[in-house]
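# Structure at a glance
Residue-level listing of the chains:
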Amino acid sequence: MMTPFRRKKSNKEFPVKVCTYDSELEFHLEHRATGGYLFDLICRTIGLRETWYFGLRYVDKKGYKSWLKMDKKVLDQHINLTAEGCVFMFMAKFFPENVADELVQEVTQHMFFLQIKEAILSMEVYCPPEASVLLASYAVQAKYGDYDEAVCKPGMLISENLLPQRVIDQYQMTPQMWEERIETWYADHRGMSRDEAEMEYLKIAQDLDMFGVNYFLITNKKNTAVYVGVTALGLNIYSKENKLTPMTTFPWNEIRNISFDGKKFFVKTNEEKGNVATTFYSEKARNNKELLDLCVGNHELYMKRRKPDTMEIQQMKAQAKEERQRRHIERNKLAREKQLREEAEQERANMEKRLMQLQEEMAAANEALRRSEEAAELLAEKNRLAEEEALLLSHKALEVEQEISRMRMTARKTEEEKIYLERKTQEAELLTAQMIEESRKRVMETEKLKNELIHARVAEKEAKEKLLNFLSRTSTESIFITPSSSPETPVLESNTYDLLADGDMDQLSLEIEKERVEYLTKSKQVQNQLKELRSEIEQLKIGEKQSPLDKISAQQTRLGENKYSTLKKLKSGSTKARVAFFEELEPEESIA
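Procedures and definitions
- Residues numbered from 1 in each chain as written.
- Predicted model: local features only at pLDDT ≥ 70, side-chain atom pairs only at ≥ 80, totals over all residues.
- Heavy atoms only, no water.
- Helix = DSSP H or I, 4+ residues; strand = E, 2+ residues; numbered from the N terminus.
- Contact = heavy atoms within 4.5 Å.
- UniProt positions renumbered as here; feature names shortened; annotations may be inferred.
- Axes fitted to C-alpha atoms, helices over the stretch in contact; angles between N-to-C directions.
- Parallel < 35°, antiparallel > 145°, perpendicular 65-115°, else oblique.
- Left-handed = near helix turned anticlockwise from the far one by under 90°.
- Buried < 20%, exposed > 50% of the residue type's maximum accessible area, 1.4 Å probe, protein only.
- Phe/Tyr/Trp six-rings, centres within 6.5 Å; stacked < 30°, edge-to-face > 60°.
- Lys NZ or Arg CZ within 6 Å of the ring centre and 35° of its normal.
- Pairing = 2+ DSSP bridges.
- Nonpolar A, V, L, I, M, F, W, Y, C, P; charged D, E, K, R; others polar.
- Expected span 1.5 Å × (residues − 1).
- Patch = residues over 30% accessible without salt bridge, like charges linked within 9 Å, V, L, I, M, F, W, Y side chains within 5 Å.
- Areas by Shrake-Rupley, 256 points an atom, 1.4 Å probe, with all protein chains shown as cover.
- Salt bridge = Lys/Arg side-chain N within 4 Å of Asp/Glu carboxyl O.
- Lys, Arg positive; Asp, Glu negative; His and termini not counted.
- Charge placed at Lys NZ, Arg CZ, Asp CG, Glu CD.
- Core = buried A, V, L, I, M, F, W, Y, C linked by side-chain atoms within 4.5 Å.
- Domains from an automatic or database assignment.

Counting its regular elements, the protein chain contains 14 helices and 12 strands. Put simply, of all contacts in the protein chain between residues at least 6 apart along the chain, 61% involve residues at least 24 apart.

In structure tokens, the structure reads:
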């Protein structure tokens, strides 16, 4: 029995490397694989459904950039096949009129964002400086998320390629200054997700004059070099020096037909005069092919946008809307969870901080407890010592009270003795005054006696003179009358009178001496009493200041020079000396 014929599987494959703006893909294709097959394989791999915007760009064997045709085999399109395989660039071929309304999928938005950002940074698309800073802030938000001072440290954005070199060279600003301006805008985008930031980036970029324009260098009928720009809205004619402002615009709704013949390129428009064709000339026919291909694709998309959305697009939009809502809910949930997590982390940090504080407080409390225990022990020891001291102090206080009582009694007795001594002193002073008065009287009597003695002596002298005169006369008469009488008789009488006079004086002196002895005896007794009183008073006046008179009196007492010592000296003298002393003594001196 014959086995059925089976087609032999081809093992001839070639490697393919596809580069996107954020990744690289590698495939192995069969030799008969078409461009559409490779394109579908890439779209399925990256999950792209809005495929009509994109294409595969490659460099052919002659070094020209071309778009891969979908209906032809890959190897039949002059691909530069090397040992490493074919290299293609997956990128947007056509651009939307309004990115917010037409770009549905997030992956589509992301692919456009990366491509437009690269075009702006490489200066293929002109961007003003202020718009460049704003676009850079959205790019940073899309890459790093919300602004965080702890993460976004100074110098982090300098290493990023965020601004076109033309803008940096246009101003005399340091990288730090550019970074500060970008951070200022970046901080305002807080809470914006990556897809929202990329969409905002595209909304600003689509207003740029060179957004979505493919330029081709051609010449007009006047052989002037101009640029033809293919856009989503039509064809624009630019001068060679200005790619921003078109000189002529051909909207798609005014173009009737576009064709080329070799190097000639024709654009027919609808006008009142009929179909008018504008002819341009290209250097190479292949440029006209690519130009026509872009015109056809953009025109198809232009017409497609003006028709109701297909079921596929409606489903994609519905799914994208649901996906956005779901992501919005998830984002809110994540934001809420993030907030709760931050609050929990903050609470945890606070709890840890509180725990550390409590631990420190506990350690401090333990240390304080230890110190308090040591202090308590010291206080107990001090208390014991204090009790002992208190006991000693109580005994001392009792002794002091007893001593105070004894001193009070002694003071009371001393006070009584002081009063007694004062009374004795007063009596002694009174007695002294009396004795002084008596002494004064004695002195006065002595003075009187002295005066009487003087008068007596004067009378005696006068009597003697009279007696002598009388005796002289009598003796004369006696001589004459009785010559036999002895001449010694008057002399005897005179001597007798003198003896009598001397006897009276001795008797008087003896009486005076007797009175003086009695006076000195009494004075000596008074002096002894005064000494005893003075000693007692000195004992009572210990610690008190002495008056000058007391010092003088004490000094005289030590020297023994007072009136009593003088009287004692007089006592030891002769009677005549004492009499002479009393004769010379004045009343004031004897009183003193």
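Next, the rest of the story.
According to UniProt, the feature "binding site: a 1,2-diacyl-sn-glycero-3-phospho-(1D-myo-inositol)" (unreviewed entry) maps to Lys-69, Met-70, Asp-71, Lys-72 and Lys-289 in the numbering used here. Within the secondary structure layout, Lys-69 lies in the loop between strand S4 (65–67) and strand S5 (86–92). Leave out the neighbours within four places in its chain, and Lys-69 touches Gly-35 and Gln-77. Discounting chain neighbours no more than four positions away, the residues touching Lys-72 are Thr-34, Gly-35 and Gln-77.

The subject of this paragraph is the packing of helix H3 (residues 106–121) against helix H7 (residues 194–205). The geometry of H3 relative to H7 is characterised by a closest axis approach of 9 Å and an angle of 50 degrees between their N-to-C directions. Classified by the angle between their axes, H3 and H7 sit oblique to one another. Relative to H7, H3 is oriented so that their crossing is left-handed. Contacts between H3 and H7 involve Glu-106, Gln-109, His-110, Phe-112, Phe-113, Ile-116, Lys-117 and Ile-120 from the former and Arg-194, Asp-195, Glu-198, Met-199, Tyr-201, Leu-202 and Ala-205 from the latter.

To continue, consider the environment of Val-99. Inspection of the secondary structure assignment puts Val-99 in helix H2 (residues 99–102). Note on Val-99: relative accessible area 0%, which makes it buried. Taking the C-alpha atoms as reference points, Val-99 and Gln-109, 10 residues apart in sequence, are found 8.2 Å from one another. Excluding its chain neighbours within four sequence positions, the residues that come into contact with Val-99 are Met-199, Leu-202, Lys-203, Gln-206 and Phe-211.

Only a minority of non-glycine residues have a phi that is not negative, and only a minority of peptide bonds are not trans. Backbone geometry at His-78 places phi at a positive 55 degrees, although glycine is not the residue there. Structurally, the position occupied by His-78 is in the loop between S4 and S5. Look at His-78 and you get exposed, because its relative accessible area is 57%. The phi angle at Asn-223 is positive, at roughly 60 degrees, despite the residue not being glycine.

The tally for this structure, following the rule as stated, stands at 13 aromatic pairs. When the ring of Tyr-171 is compared with that of Trp-178, the centres are 5.9 Å apart and the planes differ by 75 degrees; the resulting orientation is edge-to-face. Their ring planes at 85 degrees and their centres at 6.1 Å tell us that Tyr-215 and Tyr-227 sit as a pair that is edge-to-face. Here Tyr-227 lies in strand S7 (residues 225–230) and Tyr-215 lies in strand S6 (residues 214–219), a separation of 12 residues in the sequence. By relative accessible area, Tyr-227 is classed as buried at 15%. An aromatic cluster is built from Phe-39, Trp-52, Tyr-53, Phe-54, Phe-90, Phe-95, Phe-112 and Phe-211, whose rings are joined through pairwise contacts. Of note, Lys-243 hangs over the ring of Tyr-215, and the distance from its end group to the ring centre comes to 5.0 Å.

Right, let's talk about the pairing of S7 for a bit. Taking burial as the measure, the six residues of S7 include five buried ones, the bulk of the element. Bridging between S6 and S7 involves six bridges; their strand directions are antiparallel. Counted as the bridge partner of Phe-216 is Val-228 from S7. Two successive antiparallel strands, S6 and S7, enclose a turn made up of five residues, where Asn-223 displays a positive phi of approximately 60 degrees. When S7 meets strand S8 (residues 234–239), the two strands line up antiparallel, connected through five bridges. Considered in S8, the bridge of Gly-229 is made with Asn-236.

What follows covers the environment of Arg-442. If you trace the backbone, Arg-442 turns up in helix H9 (residues 311–481). You can call Arg-442 partly exposed: its relative accessible area is 28%. Sequence separation between Arg-442 and Tyr-519 is 77 residues; the distance between their C-alpha atoms is 9.3 Å.

Our focus in this paragraph is the sheet that holds strand S1 (residues 13–19). The strand order across the open sheet built from five strands is S2-S1-S5-S3-S4, with neighbouring strands paired in mixed fashion. Each edge of the open sheet carries a strand with a single partner, namely strand S2 (24–30) and S4. Neighbour-to-neighbour, the strand axes of the sheet open up by a mean angle of 35 degrees, direction not taken into account. By the bridge criterion, seven bridges tie S1 to S2 in an arrangement that is antiparallel.

Their axes nearest at 8 Å, the elements helix H4 (residues 129–144) and H7 cross at an angle of 160 degrees. If you check the angle between H4 and H7, you find them roughly antiparallel. You can see that H4 and H7 cross each other, and the crossing is left-handed. Each of Leu-134, Leu-135, Tyr-138, Ala-139, Gln-141 and Ala-142 in H4 lies in contact with H7, whose residues at this interface are Arg-194, Ala-197, Glu-198, Glu-200, Tyr-201, Ile-204 and Ala-205. Class assignment for the residues of the contact of H4 with H7 results in nine nonpolar, one polar and three charged.

Right, let's get into H7. Its 12 residues place the ends of H7 16 Å apart at the C-alpha level, agreeing with the 16 Å of an ideal helix rising 1.5 Å per residue. Inspection of H7 places Asp-195, Ala-197, Glu-198, Met-199, Tyr-201, Leu-202 and Ala-205 among the buried residues, and these make up the whole buried set.

Together, Asp-148, Glu-149, Glu-342, Glu-343 and Glu-345 line one region of the surface with negative charge. With respect to the secondary-structure elements, Asp-148 resides in the loop between H4 and helix H5 (165–170).

What follows covers the pattern of salt bridges. Tallied over the entire structure, the rule returns 24 salt bridges. As a salt-bridge pair, Glu-97 and Arg-305 come within 3.2 Å of each other at their nearest N and O atoms. Placement of the pair is Glu-97 in the loop between S5 and H2 and Arg-305 in helix H8 (residues 285–305), with a sequence separation of 208 residues.

It helps to recall that an α-helix has 3.6 residues per turn; residues three or four apart then point in one direction. With 16 residues, H3 extends 22 Å from end C-alpha to end C-alpha; this agrees with the ideal 22 Å at 1.5 Å per step. Counting buried positions along H3 gives 12 out of 16 residues, so the element sits mostly inside the fold. Turning to H3, its buried residues number three or more, namely Thr-108, Gln-109, His-110, Met-111, Phe-112, Phe-113, Leu-114, Gln-115, Ile-116, Ala-119, Ile-120 and Leu-121. Of the surrounding elements, those touching the buried residues of H3 are strand S3 (54–59), S5, H4 and H7.

In this section: the nonpolar core. One finds Leu-38, Phe-54, Leu-56, Phe-88, Phe-90, Ile-120 and Leu-235 to be the most contacted residues of the largest nonpolar core, which totals 75 residues. At seven residues, H3 tops the list of elements feeding residues into this core. If you count residues domain by domain, this core takes at least three from each of domain 1 (13–92) and domain 2 (106–206). Dropping the residues within four chain positions of it, Phe-54 is found in contact with Phe-39, Leu-48, Phe-90, Met-91, Ala-92, Lys-93, Thr-108, Met-111 and Phe-112. If you look at the next biggest cluster of nonpolar residues, it comprises 13 residues, including Ala-136, Leu-162, Val-167 and Tyr-186.

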